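Summary of structural features
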Amino acid sequence: MQTPTPFDSFPGILSQLHSQLGVMTWPLTIMSLITAIILVERIIYMLLNSRTQTFDILSKIHHLDFNQTEDVERFVKQELAGRSLMFQSMRMLLNHRHFPKQLREEAVSIWLFKKRQQFRSGIRILSLIGMISPLIGLLGTVMGLMEMFKGLSLTSNVNPATLADGLGLAMSTTAAGLIIAVPAITGAQFLNMWVDRTLSKIEYTLNHSNLHIEGIYVEAMSNEKQSLGNHQSEDAGNSTCPAASNTADSESKTTRFMAQAQRTSEVNA
């Protein structure tokens, strides 16, 4: 006796779906399968490539002397040897460190553009399915209603049960289209935010590293600005002290003048 397999029940499932969705069974089924495949594939891809280790890499870059070629080559081989997307971008940048800053920026922008296209592969298809599937479901509902009313016109016995059954079958295609559209649109938006966040971290790391190659330390500049602001606030606080002392001197002079005038008036009296 042959044991049944899950594929043996597949034709029965298709026939049941066809009885409920009508002619829109195949379009809706294909779109649901495409949505599930793209979501699973993109989530796995992002999980494997979204780890950036931005602060760890920047802390090592800030302690690296780019005038020492051997140290830089050792850093690239030992610290950036992985297959992570961040390691690939850093290897690309450091291998072009001898080029002018403008050429490095052009190379980084081209590389980021290519990676952005790879990251967003399939997301546009999800958005397209999210827009089309409700319309296909609505079209199936309209066609189901047309068939239902056509059948009702051929019979003289119309009861509420038959009418409700026909309306339920007609509305099932709209429900199926919405069920497909919700995960497709939600997944597309979530993946877009995930891609933007990951690429922003990579771009941030590349920009800081590119400035460090030129000998510009962004964190050091921010510390200098902060210390300069503190010195300016201290100077402003010190500048208020002479003004206060001048005010006190003028008040004491006025008091002495009024006392002297009062004594003069008493003597004349």
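Residue positions are given per chain, counted from 1 along the sequence in the order it is written. Per-residue local features of the predicted model are confined to residues with pLDDT of at least 70, and side-chain atom pairs are confined, for both listing and counting, to 80 or more; whole-chain, interface and lining totals are unaffected and use all residues. To get the side-chain values, take all heavy atoms of the structure and skip hydrogens and water.

Stated formally: UniProt positions are given in the numbering used here, feature names are shortened, and annotations may be inferred rather than shown by experiment.
If you check an unreviewed UniProt entry, the protein chain appears there as MotA/TolQ/ExbB proton channel family protein from Vibrio ulleungensis. Of the protein chain, the UniProt comment under Sequence similarities (unreviewed entry) reads exactly: "Belongs to the exbB/tolQ family."

Focus on the overall build of the protein chain
Defined as follows: Comment: elements are numbered from the N terminus, with helices defined as DSSP H or I runs of at least four residues and strands as E runs of at least two. Every residue pair with non-hydrogen atoms within 4.5 Å of one another is taken to be in contact.
Within the protein chain, the regular secondary structure consists of 9 helices and 0 strands. In sequence order, the protein chain lays out its α and β elements as α-α-α-α-α-α-α-α-α. In the protein chain, the proportion of contacts linking residues at least 24 apart, taken out of those at least 6 apart, comes to 79%.

Some remarks on the pattern of salt bridges
Pairing of side chains with opposite charge becomes possible as their charged atoms draw close. To be explicit about the condition: The working definition used for a salt bridge is a side-chain nitrogen of Lys or Arg within 4 Å of a carboxyl oxygen of Asp or Glu. Relative accessibility thresholds used throughout: buried, under 20% of the residue-type maximum; exposed, over 50%; partly exposed, between the two (1.4 Å probe, protein chains only).
Within this structure, the stated rule accounts for 6 salt bridges. Residues glutamate 41 and arginine 42 are paired through a salt bridge, measuring 2.8 Å at the closest nitrogen-oxygen approach. Given a relative accessible area of 38%, glutamate 41 falls into the partly exposed group. Residue arginine 42 is classed as buried on the basis of its relative accessible area of 5%. Note that arginine 97 and glutamate 73 form a salt bridge whose closest N and O atoms lie 3.0 Å from each other. Of this pair, arginine 97 sits in the loop between helix H5 (85-95) and helix H6 (101-119) while glutamate 73 sits in helix H4 (residues 69-79), placing them 24 residues apart in sequence. What makes glutamate 73 partly exposed here is its relative accessible area of 31%.

Describing the UniProt feature "transmembrane region" (unreviewed entry) in the protein chain
According to UniProt, the feature "transmembrane region" (unreviewed entry) maps to residues 20-40, 125-146 and 166-191 in the numbering used here. Helix and strand shares over residues 125-146 are 100% and 0% respectively, and the end C-alpha atoms of the span are 31 Å apart.

A few points about the nonpolar core
Filter applied, for reference: For our purposes a nonpolar core is just a set of buried Ala, Val, Leu, Ile, Met, Phe, Trp, Tyr and Cys residues, chained together by side-chain atoms within 4.5 Å.
Counting 33 residues, the largest nonpolar core has Ile61, Leu94 and Ile202 as the members making the most contacts within it. Sorting the residues of this core by element identifies helix H2 (25-49), helix H3 (54-62), H4, H5, H6, helix H7 (123-153) and helix H8 (160-213) as the ones contributing at least two each. A per-element tally of this core places H8 first, with 8 residues. Contact partners of isoleucine 61, with chain neighbours within four places excluded, come to Phe66, Phe75, Met90, Leu94, Ser209 and His212. Counting 8 residues, the second largest nonpolar core, distinct from the first, contains Met24, Leu28, Ile129 and Ala176.

Overview of H4
Let me state the cut-off plainly: Think of it as the arc spanned by the lines of direction from the helix axis to the C-beta atoms.
Residues of H4 that are buried include every one of Val72, Phe75 and Val76, and no others. Considered in projection along H4, the buried side chains sweep an arc of 95° and stay on one side of the axis. Residues of H4 that are exposed and point more than 90 degrees away from the buried face comprise Glu70, Lys77 and Gln78. On its buried face, H4 is in contact with H3 and H5.

Some words on the environment of serine 200
Spelled out, the test is: Any N or O atom pair separated by 3.5 Å or less is treated as a polar contact, with the protein-specific requirement of one donor-capable and one acceptor-capable atom, and with residues adjacent in sequence counted only for side-chain atom pairs.
Within the secondary structure, serine 200 is located in helix H8. Take serine 200: its relative accessible area is 44%, and that puts it in the partly exposed class. For the pair serine 200 and leucine 112, spaced 88 residues apart in the sequence, the C-alpha separation amounts to 9.9 Å. Looking at serine 200, its side chain comes within polar contact range of the main-chain oxygen of aspartate 196, at 2.6 Å.

Notes on the confidence of the model for the protein chain
The test is simple: Known as pLDDT, the predictor's confidence for each residue is given on a scale from 0 to 100.
Counting all residues, the mean pLDDT for the protein chain is 75, and 70% of those residues have values of 70 or more. Element-level pLDDT for the protein chain is lowest in helix H9 (residues 218-268), with a mean of 51, against a maximum mean of 89 in H2. Below a pLDDT of 50 lies the segment residues 220-225, which in the model reaches 1 contact outside its immediate sequence neighbourhood of four places, other chains included. In this model, residues 239-245 is a region of pLDDT below 50 whose contacts with residues beyond four sequence positions or in other chains number 0 contacts.

Re H7
Test applied: Take the number of residues in a helix, subtract one, and multiply by 1.5 Å to get its expected span.
The terminal C-alpha atoms of H7, which comprises 31 residues, lie 46 Å apart, in line with the 45 Å expected from a rise of 1.5 Å per residue. Along H7, the residues that are buried comprise Ile123, Leu126, Ile129, Gly130, Ser133, Ile136, Gly137, Gly140, Thr141, Met148 and Leu152.

Notes on the packing of H4 against H5
Rules: Axis lines are fitted to C-alpha atoms, over the contacting stretch for helices. Their N-to-C directions set the angle, which ranges from 0 to 180 degrees. Oblique is the label for every angle not falling under 35 degrees (roughly parallel), over 145 degrees (roughly antiparallel), or within 65 to 115 degrees (roughly perpendicular). Definitions for this section: a left-handed crossing has its near helix turned counterclockwise from the far helix by less than a right angle. A right-handed crossing has that turn clockwise.
Between H4 and H5, whose axes approach to 11 Å, the crossing angle comes to 165°. Taken together, the axes of H4 and H5 lie roughly antiparallel to each other. Both H4 and H5 take part in a crossing whose hand is left-handed. Counted together, Phe75, Val76 and Glu79 of H4 and Phe87, Arg91, Leu94 and Asn95 of H5 form the full contact between these two elements.

Here we look at the packing of aromatic side chains
The condition that has to hold: Think of it this way: a Phe, Tyr or Trp ring, Trp meaning its six-membered ring, pairs with another when their centres are within 6.5 Å, and the plane angle makes it stacked under 30 degrees, edge-to-face over 60, tilted otherwise.
Here the structure, examined in full by the defined rule, presents 2 aromatic pairs. When the centroid spacing of 5.4 Å and the interplanar angle of 75° are considered together, the rings of tyrosine 45 and phenylalanine 119 count as edge-to-face. Residue tyrosine 45 is found in helix H2, and its partner phenylalanine 119 is found in helix H6; the two are separated by 74 residues along the sequence. In this pair, the class of tyrosine 45 matches that of phenylalanine 119, namely buried.

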